[in-house]
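Residues per chain are reported as follows:
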Amino acid sequence: MHDIYNFVVGPLAWFGWGVFILGAIYKLVYAYNKFITKDATSAHYMSWKFGLRSIGAWLIPFFTTGWKNNPLVTAVTFVFHICLILVPIFLSAHAILWQQFFGIEFFWTLPDNVADIMTLLVIAACVFFAVRRLAYPRVKFITEAKDWWVLLLVVSPFITGYLAYHQIFNYQFMIVLHVITGLAWLALIPFSRLSHMLFALFTRAYIGSEFGGVRKVKDW
Amino acid sequence: MQDRSNWDWDPGKRVVLDTAKCSEGVQWMEELHVSPDGETAAAICCTDEAEFGICVNGDFGEDRYEKAICPTFTPEGKYVALVSQDMEWYVSVDRELWPEGYGFLWNIMVNGGGVAVAVQQDMQYGMCVNGETWENLYDNANNFTFGPDGKSVAAAVQVEPMGQAEIFKFQSGIFSVAVNGEPWKEQFVNVYTPVFSDDCASVACQVRRSLYDYTIAVDGKVWNKNYNCVWEPVFKPGTKDVFAPVRIAGKWGMAANGELQWENKWTQLWQPQFSKDGKNLWAIGATGFGKFTVVKNNAPWSVTFPVVTDLVLSHDGEKAAAIAKKSGDKYTLVVNGSAWAGDYDMIFPPVFSPDGTKVGCVAEKNGKYNILVNGKPCGESFDRAFTPAFSPDSAKVLVKGVSGTEYSRSVLDATGF
Amino acid sequence: MKESKFDRKIDDIGLKEGIAKLTPEKIQQTFQKFMDSEAGAKLRVYHETCVRCGMCSEACHFFVSHDGDPSYSPVGKVTQTMNVLINKKGRVDAEFVYKCAQIAYTECNLCRRCMHYCPLGIDTGYIMSMVRRFCHLLGVTPQYIQDTAHSHSATFNQMWVKDDEWPDALLWQEEEARDEFPNLRIPLDVVGADIMYSVIGPEPKFRTQLIYQAAAILHEAGVNWTMPSLPGWDNSDMAMYTGDFEMMGRLKRAHFECAQNLKVKKVVMGECGHAFRSVYDMGNRWCGWDNYPVEVVHSIEFFAYLLRTGMIKMKTKFPGPVTIHDPCNIIRGRGLMDELRFVAHEIAEEVIEMTPNREYNYCCCAGGGVINCGPPFKNVRVKGNKAKAIQLRGVKEKGVSTVISPCHNCHGGLEDIIHGYELGMDLKFLGDIIYEHMEKTKAVE
């Protein structure tokens, strides 16, 4: 079991990170090239001012029309994304790995009990999203298999991490599963619905530029 | 170009017409038009309720019409307008009417000493050239053109009837080209911008063969390639070779007789124009989105602008000038790749001196019109000004303008520019 | 997603005959070519990144009017069309193309209201216009809008107005107007005028009164203006909405060259919405111009200018309260909501707003070429915009019986809604009211 652990946090982790980074670069470069060649008549209008204005507006909870009209989704979405980003980076156990593999020293990590609650919040949010997909006709209608996979992909490292931390079931097994699901999550970012992590800022900035610069109205 | 040597080139200013002296009893007078030599100023006047006359140098003549529209001067100085009498429309040339009346007339064209006009008679459409009407008229006609011989005309014509919203009938191709009234046997979905060769023996035009396939047809024969889009073709002078901008994979190139001559690298490419000797092919093009310029033999000028229009060539076809619009709605003239200093609210089409050393145009700023020669104001400011003309020796420039109610022509020295 | 059933198919000759010519190979090849040569990063990234949250649903008047039927939500429409096409790489049958066309051409107004709702900034209107483009490439387009596109291609106007009928209509209106304003002219082809006034095809065809009114206003204001006597006068562009972008570009070139040849500083356009979109947002781009090559001023801005400068003075104001319907293409498309309100308050005694309004306004459901799809789809528009009927009824109960909307399409759409829901309200253009209530110093007593 220990060998497997060493394998997953060693070579497999490098592989996972490699796929993520190279995949992300590939996706972004590919999209950029397509954008400036095939969508040249759109790319021309990209504007820092209006792009950042749009991103800023949508980073404020309950500020935009979309957020205002869906308060519950908004609340869950913000909590979910904040926890989803902070926990994997600032978890004290992960800080050791950052140090060990990348030589990055953190001055601060999440207190374990806070991280624990945040993990549960992520899981709860995923349950909320799942229920929404099942019960809400407007979401059910547009849900594809992909959407379920991605939900599973996102929640798995959190469930396994939680179980491992609390030593429920077999710790060794759980921790290996946690690393594998976590790496899968990372590696699939460029190749799944999760790619909105890469593109959201750009799609937002683009439409903000069109609305601000050309159409002279708010895009929120 | 017509002979200018017999124009009055004596230096000095002469008031040709003071409209204050002739507008008595006139309800209103339309904008003055002036002849190329500046000797004649004419306008359409409303002389009484629903009664119109044509005023030439202050003389109203005898004839009155129910309506008179679209006045213009030919290069030879004939004054042409469309007038209506007893619900019929006539062509008036120097206030003489062509014999035949029509349901409607429009689109006066002048070329090679002739006059042509589009006609509608009993809801049938065609053309009348120098007083002769086509024998065949059609359900519809447009995209009229007039050849350099002053006799040949062509137009896009609808050769089959079509009912309301018959989309598949339309797509089967019901348009053709009528040359001097006779239609080609080939039919197309659309036909645009027919153009004559210099000997007027051939006609080329843009055709749309299906909703998606555009190409060029010459005397009814289509090129062997279709394109995503094409623009107006031109004949190479002295030959039957036809050149036209074509769009391939979203970019524009120049094709000749169906073979690509200029690689399709242009964001836009239109208004191709040959020098008279056929050596240089010019066009307006864009090197990138929002970057327009002038292109000579596939090489762009180094400066680009948001908008470029009115490409005019020097007589030898080696130089060119074009109007450029900069950001902030300001205009300038670009000559041989460099823009004139100074911004204007409007620039009017330029002319070259015969020796090609000078370019003149009308420019407007804050409502005042000036003649510019090589970028510098020449003579006084006017309330309105007309395209200047250079003398055959290029040493003098004829300036025509209106100040207040006075229309004057002035011959000025053009050597200092 | 289950393969959703489509139980609202509407019979249309254009669509029916269109799909009859298709084979699975043709569909797939066309789609492949479309993806390779035309679809860029936008379409691909939108497809990949949409997380299917459904937040855009209630942005759409179709969704709201159909009581939350998810097949009418913006993302629902994408899911049923472009999403399947991309996932299956175009391996779909002809019947599916029919459905795509019906959804894209008649159940989406490309109004972009959903842009206020999508956290990721996914432009559903763009995706639907790309579905239309694909359907155009296959030749599957509703009959009436296709006929309009044909008219554009053959005459450069949208109503098959022949070359002579246009100047004839102008001369006729000039003559009519001279009974009221003795010296009024509709100046034709005046090179160097300040302004070229441009209209859309229906004005010379059915609504010549609008040309009369515009001439009266311009004459009274003492503007130095002109109208072209040759094709290029029509600023409208239904080819933009059928997906025939090549024709869209050709039309815009003709329109702007018309203005450039006349050497006017500005084009003032009548009260139309989609034509405005075509000049600053879409048609100009196809031609390579990053903005309109000649400034185009919408009537709203122009009237605001005339009223502000006092070139036009109101003798009386329109009595009784009015409400404002904001046309998408000039409000959400160009931010003229404040100018529109300025003009409305200048010319009417009282303005009672509907909500949501301004850039959040519900579309009239006629826009985006939907009304141009003709009689077969009229009910789609009327039933699909119960939301607007409820809004209108709301202000009607507050005593409003007049709706101002500066857009031809909005008039067509709202007229059917007002009639269909028996609201008994009047529609007005700004020009109707200004002409009726302005000081006419140059008119005969």
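Cut-offs used in this document
Residues numbered from 1 in each chain as written. Chains lettered and ligands numbered in written order. Predicted model: local features only at pLDDT ≥ 70, side-chain atom pairs only at ≥ 80, totals over all residues. Helix = DSSP H or I, 4+ residues; strand = E, 2+ residues; numbered from the N terminus. Buried ≥ 20, exposed ≤ 12 C-beta atoms within 10 Å, placed from the backbone. Rg over C-alpha atoms; globule rule 2.2 N^0.38 Å. Contact = placed C-beta atoms within 7 Å. Pairing = 2+ DSSP bridges. Nonpolar A, V, L, I, M, F, W, Y, C, P; charged D, E, K, R; others polar. Axes fitted to C-alpha atoms, helices over the stretch in contact; angles between N-to-C directions. Domains from an automatic or database assignment. Core = buried A, V, L, I, M, F, W, Y, C linked by C-beta atoms within 7 Å. pLDDT = per-residue confidence, 0-100. Parallel < 35°, antiparallel > 145°, perpendicular 65-115°, else oblique. Left-handed = near helix turned anticlockwise from the far one by under 90°.

A. Broad picture of the overall build of chain B. When helices and strands are tallied, chain B shows two helices and 42 strands. For chain B, the spread of C-alpha atoms along the principal axes amounts to about 60 × 55 × 40 Å. Per-residue burial for chain B yields a buried fraction of 46% across its 417 residues.

B. Highlighting the overall build of chain C. When helices and strands are counted, chain C shows 21 helices and eight strands. Its C-alpha atoms give chain C a radius of gyration of 22 Å, within 12% of the compact-globule value 22 Å for 445 residues. When its C-alpha atoms are laid out on the principal axes, chain C stretches across 70 × 50 × 35 Å. Buried positions account for 65% of the 445 residues belonging to chain C. Restricting to contacts in chain C with at least 6 residues of sequence separation, those with at least 24 account for 82%.

C. Quick look at the sheet that holds strand S14 (residues 140-146) of chain B. Residue and element names in this part refer to chain B. Taken together, four strands build an open sheet; the order of strands is S14-S15-S16-S17 and the sheet is antiparallel. Two strands bound the open sheet, and with one partner strand each, they are S14 and strand S17 (182-183). In this sheet, strand S15 (residues 153-158) lies alongside S14 in antiparallel orientation, the contact comprising five bridges. Across the sheet, Asn-142 pairs through a bridge with Ala-156, a residue of S15.

D. The arrangement of the interface of chain A and chain C in detail. Each partner contributes residues to the interface: chain A has 41 residues there, and chain C has 42 residues. Secondary-structure elements contributing two or more residues to the side of chain A that touches chain C are helix H1 (2-38), helix H2 (40-43), helix H3 (48-59), helix H4 (65-69), helix H8 (137-140) and helix H11 (196-214) of chain A. Ranked by the residues each element gives to the side of chain A that touches chain C, the list is headed by H11 of chain A, at ten residues. A breakdown of the residues in the side of chain A that touches chain C according to their chemical character gives 16 nonpolar, 13 polar and twelve charged.

E. Spotlight on the sheet that holds strand S1 (residues 12-18) of chain B. Residues and elements named next belong to chain B. Strand order in the open sheet formed by four strands is S1-S42-S41-S40, and the pairing between neighbours is antiparallel. One side of each edge strand has no neighbouring strand; the edge strands of this open sheet are S1 and strand S40 (384-390). Pairwise comparison of adjacent strand axes, ignoring direction, gives a mean angle of 15 degrees for this sheet.

F. Geometry of the domain arrangement of chain C. Residue and element names in this part refer to chain C. Taken domain by domain, chain C comprises domain 1 (13-141), domain 2 (146-306) and domain 3 (314-437). Averaged C-alpha coordinates put domain 1 and domain 3 at centres separated by 28 Å. Facing 14 residues of domain 1, the contacting portion of domain 3 comprises 19 residues. The set of elements that each furnish at least two residues to the side of domain 1 that touches domain 3 consists of helix H4 (61-65) and helix H7 (94-106).

G. Expanded view of the environment of Glu-96 of chain B. All names here are of chain B. By the element assignment, Glu-96 lies in strand S9 (residues 96-97). We classify Glu-96 as exposed; it has 10 C-beta atoms within 10 Å. Residues Glu-96 and Val-80, 16 residues apart in the sequence, show an inter-C-alpha distance of 9.2 Å.

H. How the structure looks around the pairing of strand S5 (residues 51-56) of chain B. Residue and element names in this part refer to chain B. Both strand S4 (residues 41-48) and S5 contribute to a ladder of six bridges, which runs antiparallel. Looking across to S5, one finds that Asp-48 is bridged to Glu-51. Linking two consecutive strands that pair antiparallel, namely S4 and S5, is a turn of two residues; a positive phi of about 55 degrees is found at Ala-50 within it.

I. Inspection of the environment of Lys-26 of chain C at higher detail. Residues and elements named next belong to chain C. When you line up the elements, Lys-26 lands in helix H2 (residues 24-38). Taking the number of C-beta atoms within 10 Å as the measure of exposure, Lys-26 has 15 and is therefore partly exposed. Spatially, the C-alpha atom of Lys-26 lies 10 Å from that of Asp-93, the residues being 67 residues apart in sequence.

J. Inspection of helix H19 (residues 386-396) of chain C at higher detail. The set of residues buried in H19 of chain C consists of Ala-387, Lys-388, Ala-389, Gln-391, Leu-392 and Val-395 of chain C. Where the residues of H19 of chain C are buried, they touch H4, strand S5 (318-324), strand S7 (402-404) and helix H20 (408-420) of chain C.

K. Inspection of the interface of chain B and chain C at higher detail. Taken together, the contact pairs 38 residues of chain B with 40 residues of chain C. Elements with a contribution of two residues or more to the side of chain B that touches chain C: strand S6 (67-73), strand S10 (104-111), strand S11 (114-121), S14, helix H2 (167-171) and strand S31 (307-313) of chain B. In terms of residue class, the side of chain B that touches chain C is made up of 21 nonpolar, twelve polar and five charged.

L. How the structure looks around the nonpolar core. In terms of nonpolar packing, the biggest core is built from 307 residues, with Leu-105, Val-117, Met-127, Val-294 and Ala-322 of chain B together with Val-97 of chain C touching the most fellow members. When residues no more than four places from it in sequence are discounted, the contact partners of Val-294 of chain B are Trp-282, Ile-284, Trp-301, Val-308, Leu-311, Ala-320, Ala-322 and Val-334 of chain B. Residues Val-8, Val-154, Ala-164 and Leu-186 of chain A belong to the second largest nonpolar core, which totals 29 residues.

M. Spatial organisation of unusual backbone geometry. Here the residue pair Thr-355 of chain C and Pro-356 of chain C is connected by a cis peptide bond, since its omega of -10 degrees sits within 30 degrees of zero. Its place among the elements puts Pro-356 of chain C in the loop between strand S6 (348-351) and helix H18 (378-383). A positive phi is found at Lys-216 of chain A, a non-glycine position, where the angle reads about 55 degrees. A positive phi is found at Cys-200 of chain B, a non-glycine position, where the angle reads about 65 degrees.

N. Representation of the environment of Asn-180 of chain B in the model. Residue and element names in this part refer to chain B. With respect to the helices and strands, Asn-180 occurs in the loop between strand S16 (175-179) and S17. A residue is classified by how many C-beta atoms lie within 10 Å of it, and Asn-180, with 17 of them, is partly exposed. Between the C-alpha atom of Asn-180 and that of Gly-113, which follows or precedes it by 67 residues, the distance is 17 Å. Excluding residues within four positions of it along the chain, Asn-180 makes contact with Ser-152 and Val-153.

O. Summary view of helix H3 (residues 41-49) of chain C. Burial in H3 of chain C covers these residues: Ala-41, Lys-42, Leu-43, Val-45, Tyr-46 and Thr-49 of chain C. Buried residues belonging to H3 of chain C abut H1, H2 and H11 of chain A together with helix H8 (124-138) of chain C.

P. Structural context of the confidence of the model for chain C. Summarising the model, chain C shows a mean pLDDT of 96, and 99% of its residues fall at 70 or more. Note on the complex model: pTM 0.96, ipTM 0.97.

Q. Structural detail: the packing of helix H12 (residues 208-221) of chain C against helix H21 (residues 430-437) of chain C. Residues and elements named next belong to chain C. Two elements in contact, H12 and H21, have axes whose closest approach is 10 Å; the angle formed by their N-to-C orientations is 55 degrees. In terms of their interaxial angle, H12 and H21 are classed as oblique. The crossing of H12 and H21 is left-handed. Across the interface between the two elements, Leu-210, Gln-213, Ala-214, Ala-216 and Ile-217 from H12 touch Gly-431, Asp-432, Ile-434 and Tyr-435 from H21. Tallied by class, the residues present in the contact of H12 with H21 amount to six nonpolar, two polar and one charged.

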